[in-house]
Amino acid sequence: SHPLLVVLSVLAECRSTFLSTEEIHTRIAQIHEVIRISTDVSISLRALTVGAVLVTMIMDPQLARDLLKCMDSLPVNSLSVDESACLASSKTRLIYVSTERAPDLPQIVELAAELGRQKFVNSTTGSLHTGIGTVSCCLGRYVEAKAEFLQAHDIYVSLGNDSSRAHQAAQIALCCFRLGE
């Protein structure tokens, strides 16, 4: 099958049906194969994004580390702004699951700041800020996490995405609690 068809089929399946842990492992193997054979960076990026979604469904640190290694092999110079945001958002998900320290978190934060300066507002950017906030929480950086969740909240408000806005409000409240505010 065409690599993009495989990626979209796996995405549709994981969004519409319950997958067992075994089935998720099989789908991640398909995603790895797409990344291995694809010569199109945008297809590899979509595959990594779907892989990150699958990994968060089963919270498998080793699979997350494997996908992070795949990410490192992508030629990021040719990515569009939206693709860079998508890659960074997926990376934050995988960092969270892998329980690895995030040496490249400052670059991800800088990308998010640059997107903000460019007034680049979409759900991918909201997801990026959510991911940065989540990783910051794991590192005990609640002030930074709160700021990221606030940015995500503002993005979701501007998009009219009430469920994501409410999720961010809950994350902000948890940060405030941890900060004693």
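Model, not experiment: these values are computed from the prediction.

Caption draft 1: Seen up close, the pattern of salt bridges. Inspection of every chain in the model, using the stated rule, returns eight salt bridges. For the salt bridge of Glu 33 with Arg 36, the shortest nitrogen-to-oxygen distance reads 2.6 Å. One end of the pair, Glu 33, and the other, Arg 36, are both in helix α2 (residues 21-37), three residues apart, so they sit about a helical turn from each other. Between Lys 146 and Glu 181 there is a salt bridge, and its shortest N-O distance comes to 2.5 Å. Taken together, the residues Lys 146 in helix α8 (residues 142-159) and Glu 181 in the segment after α9 (162-179) connect sequence positions 35 residues apart. Note on Glu 181: relative accessible area 58%, which makes it exposed. Taken together, the shared-partner salt bridges connect Glu 110, Glu 114 and Arg 117 into one network.

Caption draft 2: Quick look at unusual backbone geometry. For Met 59, which is not glycine, the phi dihedral falls at a positive 50°. Among the structural elements, Met 59 can be located in the loop between α3 (41-58) and α4 (61-72). On the basis of relative accessible area, Met 59 is assigned to the partly exposed category, the value being 40%. Within the chain, Lys 119 stands out as a residue other than glycine whose phi angle is a positive 60°. With respect to the helices and strands, the residue Lys 119 is situated in the loop between α6 (105-117) and α7 (123-138). Classification of Lys 119 by relative accessible area gives exposed; the value is 69%.

Cut-offs applied
Residues numbered from 1 in each chain as written. Predicted model: local features only at pLDDT ≥ 70, side-chain atom pairs only at ≥ 80, totals over all residues. Heavy atoms only, no water. Salt bridge = Lys/Arg side-chain N within 4 Å of Asp/Glu carboxyl O. Helix = DSSP H or I, 4+ residues; strand = E, 2+ residues; numbered from the N terminus. Buried < 20%, exposed > 50% of the residue type's maximum accessible area, 1.4 Å probe, protein only.

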